[in-house]
Amino acid sequence: MGQLVLEHHLLWISPSFVKTFFVPNALKKGYRPDFHVTPDATHSIGRPYPYMIYRNMEELKLTASWKVVKVGDTVSDMQEGVNAGVWSVGIIVGSSEMGLSLNEYTSLPEQDKQNLISKTADTFMQNGADFTIKTIEELPELIDRINLLITEGKRPHSS
């Protein structure tokens, strides 16, 4: 469960400062992406342009963009996925788009949480997301669903 058709790679696409400040700490906590790319690797051309995704595909020798899933938490992440021709997934809770810390979010009344989730999901969908998920824990099931769509001949931004 949770593997993309044929292959599964853990990638990290981020601004340059993330590489300097966050990657070392993530590595200490066991997060080890197969490849990490920043706009520095694409002549400072970042999101919403597709070049960081393409650089990942090049590094991993992937040829079918429709077998790639981009998970992000900003509008520019969704636009990057659309521009690259990959499946785009917006993660809602804790996202930059939602704009709240986890403590701020959890302290909200339930109705406010649901309204904020709906608003954030709508924003992602209006900017090209194929799907939204509340948390990363939903991703394996979504990947299974995307695999099924692929076997049915569906492609990103068409299902």
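Look up a bit, the structure's there.
Residues numbered from 1 in each chain as written. Predicted model: local features only at pLDDT ≥ 70, side-chain atom pairs only at ≥ 80, totals over all residues. Heavy atoms only, no water.

Participant: Would you mind going over the overall build of the chain with me for this structure?
Facilitator: Counting secondary structure elements, the chain contains seven helices and five strands. Scanning the chain from its N terminus toward the C terminus, one meets helices and strands in the order β-α-α-β-α-β-α-β-α-α-β-α. Taken over 159 residues, the chain has a buried fraction of 41%. Restricting to contacts in the chain with at least 6 residues of sequence separation, those with at least 24 account for 56%. When the accessible surface of the chain is summed, it comes to about 9,200 Å², and 53% of that surface belongs to carbon and sulfur atoms. (Helix = DSSP H or I, 4+ residues; strand = E, 2+ residues; numbered from the N terminus. Buried < 20%, exposed > 50% of the residue type's maximum accessible area, 1.4 Å probe, protein only. Contact = heavy atoms within 4.5 Å. Areas by Shrake-Rupley, 256 points an atom, 1.4 Å probe, with all protein chains shown as cover.)

Participant: Where do I start with the sheet that holds strand E3 (residues 69-72) in this structure?
Facilitator: Within a beta sheet, neighbouring strands are joined by backbone hydrogen bonds and run either parallel or antiparallel to one another. Strand order in this open sheet of three strands is E3-E4-E5, and the pairing throughout is parallel. Where the open sheet ends on each side, the last strands, each with one partner, are E3 and strand E5 (131-133). Strand-to-strand twist across the sheet, computed as the mean angle between neighbouring axes with direction ignored, equals 25°. Across three bridges, the pairing between strand E4 (residues 87-91) and E5 is parallel. Following the sheet pairing, Ile91 is matched in E5 by Ile133. Running over the sheet, helix H6 (residues 110-126) touches E3, E4 and E5 and is turned about 150° from E5. (Pairing = 2+ DSSP bridges. Axes fitted to C-alpha atoms, helices over the stretch in contact; angles between N-to-C directions.)

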